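Structural overview for review
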Number of protein chains: 4
Amino acid sequence: MAGPCTVENREQTLAIAEGVKNLGLTVFRGGLFKGRTSPYNFKGMGAEGFQIFMEIKKSLGLIIVSEVTASSQIPQMIEYVDILQIGSRNMQNYEFLREVARTGKPILLKRHFSANIEELLLAAEYILLEGNEQVMLCERGIKTFEPMTRNTFDINAIPLLKEITHLPIIADPSHGTGIRSIVNPVGKAALMAGADGLIVEVHNNPDQALCDGFQSITLEMLSELLTETKAICNLLGKKFN
Amino acid sequence: MAGPCTVENREQTLAIAEGVKNLGLTVFRGGLFKGRTSPYNFKGMGAEGFQIFMEIKKSLGLIIVSEVTASSQIPQMIEYVDILQIGSRNMQNYEFLREVARTGKPILLKRHFSANIEELLLAAEYILLEGNEQVMLCERGIKTFEPMTRNTFDINAIPLLKEITHLPIIADPSHGTGIRSIVNPVGKAALMAGADGLIVEVHNNPDQALCDGFQSITLEMLSELLTETKAICNLLGKKFN
Amino acid sequence: MAGPCTVENREQTLAIAEGVKNLGLTVFRGGLFKGRTSPYNFKGMGAEGFQIFMEIKKSLGLIIVSEVTASSQIPQMIEYVDILQIGSRNMQNYEFLREVARTGKPILLKRHFSANIEELLLAAEYILLEGNEQVMLCERGIKTFEPMTRNTFDINAIPLLKEITHLPIIADPSHGTGIRSIVNPVGKAALMAGADGLIVEVHNNPDQALCDGFQSITLEMLSELLTETKAICNLLGKKFN
Amino acid sequence: MAGPCTVENREQTLAIAEGVKNLGLTVFRGGLFKGRTSPYNFKGMGAEGFQIFMEIKKSLGLIIVSEVTASSQIPQMIEYVDILQIGSRNMQNYEFLREVARTGKPILLKRHFSANIEELLLAAEYILLEGNEQVMLCERGIKTFEPMTRNTFDINAIPLLKEITHLPIIADPSHGTGIRSIVNPVGKAALMAGADGLIVEVHNNPDQALCDGFQSITLEMLSELLTETKAICNLLGKKFN
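Scope of this entry: the structure provided in the associated data block. On a predicted model such as this, the values are computed, not experimentally measured, just so you know. Per chain, residues are indexed from 1 in the order of the written sequence. Written order determines the labels here, with chains lettered from A and ligands numbered from 1. Restriction of local features to residues with pLDDT of at least 70 applies here, the model being predicted, together with a cutoff of 80 or more for giving and counting side-chain atom pairs; totals for whole chains, interfaces and linings are based on all residues. Side-chain figures throughout are based on the complete set of non-hydrogen atoms in the structure, without hydrogens or water.

1. Observations regarding the overall build of chain A
Secondary structure follows DSSP: runs of H or I at least 4 residues long count as helices, runs of E at least 2 residues long count as strands, and numbering of each begins at the N terminus. Summing up its helical and strand segments, chain A has 9 helices and 9 strands in all. Rg of the C-alpha trace for chain A: 17 Å, near the compact-globule value of 18 Å for 241 residues, within the 12% margin. For chain A, the C-alpha atoms occupy an extent of roughly 40 × 40 × 35 Å along the three principal directions. The buried label goes to any residue with under 20% of its type's maximum accessible area, the exposed label to any with over 50%, and the partly exposed label to all in between, with areas taken from a 1.4 Å probe on protein chains only. The buried share among the 241 residues of chain A stands at 66%. By the convention used here, residues are in contact when the closest approach between their heavy atoms is within 4.5 Å. Of the contacts formed within chain A by residues at least 6 apart in sequence, a portion of 66% connects residues at least 24 apart. Exposure was quantified through the Shrake-Rupley algorithm and a 1.4 Å probe, taking into account, for residues, occlusion by the shown protein chains and nothing else. Taken as a whole, chain A presents about 8,200 Å² of accessible surface, with 50% of it coming from carbon and sulfur. For a compact globule the rule gives 2.2 Å times the number of residues to the power 0.38, and the radius of gyration it is set against comes from C-alpha atoms.

Here it is in structure tokens:
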């Protein structure tokens, strides 16, 4: 799964989506509503972006994953988005989890950066109890004392979760590191540790990105990551798709 | 501010409220909707509890503070509750913050246990930007490596916040420690460091409480804490009320 | 206990020692050997400083507490220093703890900034097992995710340690905060929570200090802290000395 | 590098060393002096173990790596041990670092579980400044809030260190996880992220081990890890030895 942190405008988004499609990927990520720590930061283009999603689905046939941040967005999300992402900050917003679960859509549940593994599993339980079993868990780094990286990617969590749960585990090395140059090695490490998939932020011009540019990789870096991912899948006897 | 973690039933709640009133306190806390980490835990009695709040307000004249956990609860909350509490887990649920802010009610904003001080202030900014200036910040402990306590009460945050912001600072030594026997000393320490008020969990029978009993103090302990609080206010030249 | 982080030269040290003495204090702290994170930082004046200690003891009658960082310093330390301080970074250097314990001198054992309470008590146990029972435990802040302060002073640890152990608890609000302006409120909070004493970094010219100037208070601030400390002791029914 | 946490007795040690040799490995690890958090735990067999090391070197031709915990052990260490390990708890014991550096022996410097990456590099700087350039850095997990694992292996540190320093990076997935069943996946992940080598605890009977048995893998598991390591080296175009 790859795409920009945030949908900024039609041109940027279509350019990245085409790049992603050309590399043979099937899932496109892009945020319309961003929960930003500061109210003064860019918060995404909002509902206008749904038309861009529709265009990407029609013209490129990509599957769309996008974050839902409020109950009021759910009706449109159901219509335009294929996989609903619950962001880290909402992992313990249990009433909201239930509501999103009841859409019946596949859910990508991101671990809160201060939630331990048990708390992640219990949050997933809220979704499962609504009868929605299409839950993917996403490890995206935890808050530690280390100042050099944005988060510490919890590699231990991957094999531990594989032991404890049957739910698929997706790794997000973009947020898990916060540093463009180490997204690829940490992504590959996560696959080697047992992750079922990766979600990465990619941008056609990362240094101009309105959000998270420092951790977005270029399409060239994504291409390299894909080649290596295929080699790892091969080594592990896993199927790549 | 004192009261049980959760409203369990009419008898328990009225007994504690009377105890709180008799000690000369004016604000009663009690949760109706609890965001519990596990979906299998007691989650509060829900909307039925509003009638009990009404009874407490009428017969005892207490001010009610209670946590709101979903948009759908807001209409009733406005009617029955005087101070709306935003729980730790919702501190970074920004769309929700805005919605609650627009009620115009005073808000008690609890710091997320993994939020740093700047993130707490930026969350408050979301509320202030809606034109609601009645925000109280609440320090309630942060997640650290220490396993002996539930959280580490961040005493440094109190004088730092007093330097940086004009908003009142409330300390919650119940969640900040998670251990009944040290609620009083940590509460007094917070006052000495400059906190404007305390919010504590109190129960008439803590060992039978359905939620957080291990950190709830008894009415006797509350009485002792009040006597000492008055002495501290006296020492600091502050008015107690 | 008060004094500079590091003994820089004779004039500075005597000036601060006189200031400390004039305020009625009895214990003077000063480092000769500093374990600095970077090998390029000022590491103290070393063994030359012992003569200055001797002068302070003779002329002012102050008790000296100073950190010992290597076995080779022990013989001179025994001669010139009254209380041997084990720094945070050596708290889990167990062979060294034993060696220092065998001097029979009183020991101020600082908690490592990543040690939990149990680990601190077990480190003290290494000293007690050598037959040296004059151990004071020192809480000086722990490492957390909060970037605004150098450490998070663990106020919870004070009443918890008072419950668990009979050893005296000293609080170090200078390292526990890393910010001059909040040393006093956090120091007072620690006393209110049950600490038996404070150790603070004081400097006659903090902004020119070669080490930790940003967290050293002035003699005027120390004077104010002492007045307030006496009032707190009075309130708690404790004797000040 | 593989071997038991602690040398328990001659039979156990020789059996494991033979197993390690038979798998084609060249470096044997084993502790004689253990810095244990509690003074009541098994602390290693001490200097008697040096004869066992001599036997292993003579009969099996293995290179020995072992931890030095006090200045007094240095003379014998130089004689019997090939690579001196500085344990986590001594990483910031700078006087000791210097002393060990002056032996001129290769040094395996373990990151303290609460040290950030910069602090690790500055500790290495203390050794390099003594003119000893044979320093290997070892990532072995950091302390976080996650209770399910002993430490959180900081996978991000591997590629970051590879960018910043030319020193070799060794990964210790045994301490980095604390759980036998995930040592292999995390070890492989570390190699994929760029680690130059692994050090793992192996035991012929882990459940009976006197130290760290829960994180020691069996010789069978080690054999499997080696096969996979060779495949990874092959994929990355690295030479295995």
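On we go from here.
2. A few points about a nonpolar patch on the surface
Candidates for patches are residues over 30% relative accessible area with no salt bridge; among them, like charges are joined within 9 Å and nonpolar side chains (Val, Leu, Ile, Met, Phe, Trp, Tyr) within 5 Å. Here a salt bridge means any side-chain nitrogen of Lys or Arg lying within 4 Å of a carboxyl oxygen belonging to Asp or Glu. A contiguous nonpolar patch, built from L235(A), L236(A), L235(D) and L236(D) and spanning about 270 Å² of accessible area, is present on the exposed surface. Elements with a minimum of two residues in the nonpolar patch: α9 (219–236) of chain A together with α9 (219–236) of chain D. With respect to the helices and strands, L235(D) occurs in helix α9. With a relative accessible area of 35%, L235(D) lands in the partly exposed category.

3. A short note on the environment of R111(A)
All names here are of chain A. Relative to the elements of secondary structure, R111 occurs in the loop between β5 (107–110) and α5 (117–128). Separated by 35 residues in sequence, R111 and Q76 place their C-alpha atoms 24 Å apart. Polar side-chain contacts of R111 include one of 3.0 Å to the side chain of D154. Two N or O atoms count as a polar contact when they lie within 3.5 Å, although within protein this holds only if one can serve as hydrogen donor and the other as acceptor, and sequence-adjacent residues are included solely when both atoms are side-chain atoms.

4. Some words on empty space enclosed by the protein
We place a 1 Å grid over just the protein atoms. Points where a 1.4 Å probe fits but has no way out form a cavity, open points with protein on both sides within 12 Å along at least 5 of 7 lines form a pocket, and any residue with an atom within 4 Å of a point lines it. Grid points are joined across faces, edges and corners, and a volume is the space filled by probe spheres set on the points. Scanning the model with the defined rule gives 5 cavities of 30 Å³ or more in all. Lining the largest cavity are K143(A), T144(A), F145(A), K143(B), T144(B), F145(B), K143(C), T144(C), F145(C), K143(D), T144(D) and F145(D).

5. As for the packing of α5(A) against helix α6 (residues 157–164) of chain A
Helix-helix packing: each pair is described by the crossing angle between the helix axes and the interaxial distance. Residue and element names in this part refer to chain A. Where helices are involved, their axes are fitted lines through C-alpha atoms of the stretch in contact, as for all axes, and angles between N-to-C directions lie from 0 to 180°. Viewed as axis vectors pointing N to C, α5 and α6 meet at an angle of 45°, and their least axial separation amounts to 11 Å. Taken together, the axis directions place α5 and α6 in an arrangement best described as oblique. Of the two elements, α5 crosses α6, and the hand of that crossing is right-handed. In contact with I117, L120 and L121 of α5, α6 contributes A157, L160, L161 and I164. A breakdown of the residues in the contact of α5 with α6 according to their chemical character gives 7 nonpolar, no polar and no charged. To sort the angles, those under 35 degrees are grouped as roughly parallel, those over 145 as roughly antiparallel, those from 65 to 115 as roughly perpendicular, and the leftovers as oblique. A crossing counts as left-handed when the near helix is turned anticlockwise from the far one by less than a right angle, and as right-handed when that turn is clockwise. Amino acids outside the nonpolar list (Ala, Val, Leu, Ile, Met, Phe, Trp, Tyr, Cys, Pro) and the charged list (Asp, Glu, Lys, Arg) are all regarded as polar, and Gly is one of them.

6. With respect to the nonpolar core
Definition of nonpolar core: a set of buried residues of the types Ala, Val, Leu, Ile, Met, Phe, Trp, Tyr and Cys, connected through side-chain atoms within 4.5 Å. Membership of the largest hydrophobic core comes to 139 residues, with the highest contact counts inside it found for L109(A), L137(A), I155(A), L222(A), L109(D), L137(D) and L222(D). The residues contacting L137(D), other than those within four sequence positions of it, are L109(D), L120(D), L121(D), A124(D), L161(D), T165(D), L167(D), P168(D), I169(D) and I170(D). One finds L160(B), Y80(C), A195(C) and I217(C) within the second-largest nonpolar core, a separate group that totals 137 residues.

7. Observations concerning the interface of chain A and chain D
Tallying the contact residues gives 39 residues for chain A and 39 residues for chain D. Carbon and sulfur atoms supply 74% of the area buried between chain A and chain D, which totals about 2,900 Å² over both sides. Applying the counting rule to chain A against chain D returns 2 salt bridges. Between E146(D) and R111(A) there is a salt bridge whose closest N-O contact spans 3.0 Å. At the junction of chain A and chain D, the tally comes to 10 residue pairs in polar contact (both at pLDDT 80 or more). Within the residue set of the side of chain A that touches chain D, elements represented by two or more residues are α5, α6, α7 (173–177), α8 (180–192) and α9 of chain A. Once two parts are put together, the accessible area they lose, assessed with a 1.4 Å probe and summed over both, is termed the buried area.

8. So, the packing of aromatic side chains
Aromatic rings from Phe, Tyr and Trp, taking only the six-membered ring of Trp, are treated as a pair when their centres fall within 6.5 Å; an angle between ring planes under 30 degrees marks them as stacked, one over 60 as edge-to-face, and anything in between as tilted. The final tally for this structure, using the stated rule, is 16 aromatic pairs over all chains. Aromatic side chains F50(C) and Y80(C) sit 5.2 Å apart centroid to centroid with 25° between the ring planes, which places their arrangement in the stacked category. Pair noted here: F50(C) is in helix α2 (residues 50–60) and Y80(C) is in helix α3 (residues 74–80), with a separation of 30 residues, a long-range link. When its relative accessible area of 1% is taken as the criterion, F50(C) is described as buried. Here the aromatic cluster, defined as three or more aromatic residues joined through ring pairs, consists of F33(A), F50(A), F53(A) and Y80(A). Only when the NZ of Lys or the CZ of Arg is both within 6 Å of the ring centre and within 35 degrees of the ring normal is a charge said to sit over the ring. Residue placement shows K143(A) over the ring face of F145(C); its charged tip is 4.7 Å from the ring centre.

9. Quick notes on the side chain of T177(D)
Locating T177(D) in the fold gives a position in helix α7 (residues 173–177). You can call T177(D) buried: its relative accessible area is 0%. Among the polar contacts made by the side chain of T177(D), one reaches the main-chain carbonyl oxygen of P173(D) at a distance of 2.8 Å. A distance of 3.3 Å separates a polar atom in the side chain of T177(D) from the backbone nitrogen of I179(D). Discounting residues that sit within four places of it in the chain, T177(D) has contacts with N156(A), T149(D), R150(D), N151(D), I182(D), V183(D) and V186(D).

10. Section: the environment of L235(C)
For the pair formed by L235(C) and I74(C), sequence separation is 161 residues and the distance between their alpha carbons is 41 Å. In this structure, L235(C) is in contact with A231(B), I232(B), L235(B) and M192(C), ignoring residues within four places of it in sequence.

11. Digging into the relation of the copies chain A and chain D
The two chain copies are related to each other by a rotation about an axis together with a translation along it. It takes a turn of 180° to lay chain A on chain D, together with a shift of 0.0 Å along the axis; the resulting RMSD is 0.0 Å. Classification of the inter-copy transformation places it as that of a two-fold axis. Proximity to the rotation axis, assessed at the C-alpha, singles out A189(A) in chain A; its C-alpha lies 2.0 Å from the axis. Comparing interface residues between copies, 100% of those in chain A also lie at the interface in chain D; the contact surface is shared. The copies are overlaid by a least-squares fit using only the C-alpha atoms of residues whose pLDDT is at least 70 in both copies.

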